[in-house]
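Remarks on the overall topology
The chain contents come next:
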Amino acid sequence: MEILSMGKSCDATFIEDVKRESGQDPATCYQCGNCTAGCPYTFVYDIPVNQIMRLLQAGQKERILKSKSLWLCATCESCTTRCPQGIDVALIMDVLRHMARREGYAAEKNVKTFYDGFLESVKRHGRVFEMGVAANYNLKTGRFWTGADIAPKALSIGKLDFRPHEIKGRDEVKRIFRRYLQREEAGE
Amino acid sequence: MRIGVFVCHCGSNIAGTVDVVSVAEAARLFPDVVFSTDEVYTCSEPGQKAIRDAIREHRLDGVVVASCSPRMHENTFRRAIEKAGLNRYMLEMANIREHVSWIGKDKEKNTFKSTELVLMAVEKLRKNRPLVAKSFDINKTVMVLGGGVAGIQAALDCADGGLDVILVERESTIGGTMAKLDKTFPTVDCSTCILGPKMVDVSQHPNITLMTSSEIEAVSGYVGNFDVTVRKRATYVNNELCTGCGLCSEKCPSKKAPDRFNEAVGNTTAINIPFPQAIPKKASIDPEHCIKFTKGKCGVCAKVCPTGAVNYEQQDELTEVKVGAVITATGFSLFDHTRLEQYGGGRYPDVITSLQYERMLSASGPTGGHIKRPSDGREPKNVVFIQCVGSRDKSVDRPYCSGFCCMYTAKQAILTKDHLPDSQSYVFYMDIRAPGKQYDEFTRRAMEEYGARYVRGRVSMIYPRDGSLVVRGADTLAGTQMEVDADLVVLAVGAESGKGAPQLAEKLRISYDRYGFFLEGHPKLRPVETNTAGIFLAGACQGPKDIPSSVGQGSAAAAKVLTMFSKDKLESDPAVAQVNQRRCVGCLKCVRTCPFGAIKEIEARDGSTKAEVIDTVCQGCGICSVTCPHGAIQLSHFTDNQILAEVDALCLSWMDENFA
Amino acid sequence: MSLMKIPYYPGCSQTGSAREYDMCTRECMAGLGIELLEIDDWSCCGSTPAHTVDHSLAAALSARNLERVEAMGHKRVTTPCPSCLTNLKTAEHRLSRKDFREKTNQLLDRPYEGGVTTKSVLQIIFEDYGVEALKARAVKKLKGLSLAPYYGCIMNRPPEIMRFDHHENPVAMDKIVEALGAEAAPFPLKVECCGAAYGVPRSDVTARLTARLLDAVEDCGADAVVTACPLCHMNLDLRQSQVNRKQRRGFNIPILYITQVIGLALDIAPEKLGMDLHAVDPRPLLKKLEGGE
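Description of the structure in this document. What you are looking at is a predicted structure, and each value in this text was computed from that prediction instead of being measured. (Residues numbered from 1 in each chain as written. Chains lettered and ligands numbered in written order. Predicted model: local features only at pLDDT ≥ 70, side-chain atom pairs only at ≥ 80, totals over all residues.)

A few words on the overall build of chain A. When you go through chain A residue by residue, the secondary structure sums to twelve helices and zero strands. When its helices and strands are written in sequence order, chain A yields α-α-α-α-α-α-α-α-α-α-α-α. Of all 188 residues assigned to chain A, the portion counted as buried reaches 46%. Excluding contacts between residues fewer than 6 apart, the proportion of contacts in chain A whose partners are at least 24 apart in sequence is 64%. (Helix = DSSP H or I, 4+ residues; strand = E, 2+ residues; numbered from the N terminus. Buried ≥ 20, exposed ≤ 12 C-beta atoms within 10 Å, placed from the backbone. Contact = placed C-beta atoms within 7 Å.)

Shown next as structure tokens:
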């Protein structure tokens, strides 16, 4: 277990960044645990959400951004809706997720792969091509049997589309992504 | 005039950023100033002596002290000049501490501003006139509102001190919330056993008149001379005849009236006596659930009553009483947990409040002291207590701590083990607040001796599953979510202001905070007084508190009243409004705008309508003075001319400075 | 002759794995006299993945569609999917801030200045059409059916953004279902998350959360679940066999869409409502209805 030396490891800039990007003040959190109590994904988190908030208060940037919890949060809003101090916890998790991406952390690679594949599909076709996303996921992760158990039933009720739905304005969507990536690269 | 100016150093508090010597020197040149000096600590003995000596030596008839805020020492200096033979209103203060030295560091600017403030004070003083306080008689009867433990204590102390007391209680019995408790922390004393004797003392005390089922209708008057209208609600039972035998309740066929004393755990009959130790032990009818009142049939209680005490024609009664002081001890109510849908919103019968649980624990309660699940009547094995329900919670607009829930939860966990040795209690908490004597030791007992499992974390939701309730909380110390299958869930609901508190405050003309708790005169130094003369506070109506504090405040309020009544007459503040009848046109705008009802309409000798100020009620706020279109009503010691003198002093010197 | 015309944003699920939801929604709305105007050439709102990457990217993907609604001359749009709903609503909310709006418009071909309100199909039916009108319009009484209303985690939360019904104990579907003669079962986990988008990358998570919901459905004695979210439907219906296998259960609970339930009350043929496109066939349930008549 790592002992926290606040003088050395507390990253005050990190706390300010999160405050600014989320518009939430971590100092108002009095660690009641209501968020963890209601979070349906606690059972797969490595760090429960109230501890993420605590580590945020203590400025422990690396520990947080390296966690799996960020990638397993589903933004179900249970925490935000019930926080007695009115903190938008789900928004803070989203912001931390953004930061993890920017800094190159992705503790749950498969989730990132799935999200990236999804967005790639949107970029290409303008709408999500579900089979394409599934196939891409299986390929990239090497988990070829994902979804195989429900595929036959899905096929029999006509839920598997083998062709994407492309929109006329898909180039407009492509441009949205291109401009976003350019802006990110330019560091704005 | 012959004015003396005293500029205070206040050690280095003022002198550090104001050149007090220069200020005193400059003041020497102001009109009518014949003496001017600086003092190191003007409020001290030597400082005050210096003022008195100067008054004698230089034959001063007015004094200006440039020092701290008048809220600190105006009285001190007024007494000082009075001792030297001057009228106390021939004093003016210039605040060169809070308004100058404490807010800026620029010595030159500060000194200049101080000089201006002293000039303003001098110019006002030149327009001051001596004022004399009037004395008035007082009525040495005290009214205590609320018959809970604070009100009971206040009433007994006042009565034992020789005063006549009128105790007005809204319910049909006194006892308040304490009468509903089974046991009290930290001694686990039986609540009724310790409160009962005091309640009996109240009913038997020759100096106390008990008015139950009564509320205040209207209050007028002023300290020492209040006129109060009390409305006694119709209970449809004549208390003079009722013996409290309970036969009516036994025979009443309407058994679906919600049992308010028992916090709606079960029902009661339409005519009932709330609990066996009720004082006064008299029956009363709930007309909304009475068959006679709703359908016109029945009438059994009137028939069986051996003394003929039931009277369906009874009306509300209004009584006028005159009292000299009022002690408000109206208590509190509890947070409405049905607002919290994540805890069931009142839909789950096995999720109950702490007070409902207390009634269940009580041997004279609706379950005879047996803990039973409301849903199926079975004894619970797992009892889960949830603290901070409606306390420390911004999201439901209750950010404050209620102060007693940690303690009563520990008590209830202990009692649960006593009643059900095979049970297991869980307590979900955020912090344990146990500040009183033997309090922390008591909570430790619950954890160490009675096996209650304390879990540090809030509860996010409760939902039913397989006949029990899943309590989903967190254990932040272990760093995980924690689920407990509960048979019974007890919510430690927080304190709120009593029902109707803001409306009562308006009638009494006292202030209340945004939560409806009445405002004390000073949070530290005047906890049982209000800013309205003659109205005192005691107990939870001022803020959530436990029994020892409530009793303490009851006695404290009684002491304040006894002190006030130790004189035969009170003095009224002469800095009140006055009407110049020659200017008054009788428009009566001032009568309508006065928040204290201190101005009345009169008929002048020539038959015309005029306004007249009731000296003793006027609080000196000055609203009337601003309202009057003719300047006919003026606030003594703050007249238009006096204030304009200050304005002129300031503006003229500025003009000289900039345009001379 | 239609009572109301409103732009319609189907969302990607409704063109693919949840096409029956789109079918029954169109049938239902037509049956009620509400004309849906599908936005021409609408694009994906980005769903969950977009907002986990960047908020202005997500807002831009939504804003492209909101701008199309404006171009249609309308100020309102409705969608059957809560994920699309939250994206469109959140975008609108965030775009009210000038700095964010500028940042987002940088990414778009056509800038969007705000002004379009998004409401769920359920909200339109509940608030604009009204339960009383629904009751009057219904032709077939759904007596004999006990339905567990499952709202999903994001349709009503957080209340400041979604502004519909109660965030802990919503009752819109309960009231609709009861008005149509069926029983709304006392389902306690109305807003509890089903596992969302983790069906692909972490099906173990989805299975566990969905199992908990289905346990509660059985516990409250309902015949079927009624829902208004295509992702919840997929997890509960298409993945029910997966849940059974991974969580060792034997569930066989049909999952209905609210617009299917309303469609049944309007006496629209089950096949037109897509009831033959479910993994757990709900049609045997309908016999219960006829029996109950």
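Resuming the write-up.
With that out of the way, let us pick up helix α8 (residues 89-103) of chain A. Residues and elements named next belong to chain A. A rise of 1.5 Å per residue sets the reference length of α8, with its 15 residues, at 21 Å; its end C-alpha atoms lie 21 Å apart and thus fit the reference within 8%. In terms of burial, α8 is a largely internal element, eleven of the 15 residues being buried. Looking at the residues trailing α8, positive phi occurs at G104, about 85°. (Expected span 1.5 Å × (residues − 1).)

This part is about the sheet that holds strand β2 (residues 33-39) of chain B. Residues and elements named next belong to chain B. Strand order in this open sheet of four strands is β2-β1-β3-β4, and the pairing throughout is parallel. Here the strands that pair on one side only, and so sit at the sheet edges, are β2 and β4 (91-95). Strand after strand, the sheet turns through a mean of 15° between neighbouring axes, direction not considered. Where strand β1 (residues 3-8) meets strand β3 (residues 62-67), five bridges bridge the pair, whose relative direction is parallel. Bridged to I3 within β3 is G62. Strands in contact with helix α3 (residues 70-83) are β3 and β4; relative to β4, the strand with the most contacts, it is inclined by about 150°. Those strands touched by helix α5 (residues 107-127) are β1, β2, β3 and β4, and its axis lies near 160° from that of β4. (Pairing = 2+ DSSP bridges. Axes fitted to C-alpha atoms, helices over the stretch in contact; angles between N-to-C directions.)

A few words now on the pairing of β3(B). All names here are of chain B. Across the six residues of β3, six count as buried, placing the element largely inside the fold. Burial of the side chains of β3 extends over both faces: G62, V64 and A66 are buried on one face and V63, V65 and S67 on the other. Relative to β4, β3 is paired through five bridges, and the arrangement is parallel. When the sheet's bridge partners are listed, A66 is paired in β4 with A94. Handedness of the crossover is the feature at issue here: the chain leaves β3, passes through α3, returns alongside β4, and the resulting connection is right-handed. (Right-handed = clockwise from strand over helix to strand, strands pointing away.)

Glancing now at the environment of B:C401. Mapped onto the secondary structure, B:C401 falls in the loop between β21 (382-389) and α12 (405-419). When the C-alpha positions of B:C401 and B:E601 are compared, they lie 48 Å apart, and in sequence the two are 200 residues distant.

Here we come to the nonpolar core. Core analysis: the largest hydrophobic core is formed by 149 residues, its most contacted members being A:V89, C:L147, C:V225 and C:V261. A domain-level breakdown of this core finds at least three residues from each of domain 1 (4-120) and domain 2 (137-289) of chain C. Discounting residues that sit within four places of it in the chain, A:V89 has contacts with A:C35, A:V49, A:M53, A:C79, A:T80 and A:C83. In terms of nonpolar packing, the next biggest core, distinct from the first, is built from 132 residues, A:A37, B:A154, B:A159 and B:M178 among them. (Core = buried A, V, L, I, M, F, W, Y, C linked by C-beta atoms within 7 Å. Domains from an automatic or database assignment.)

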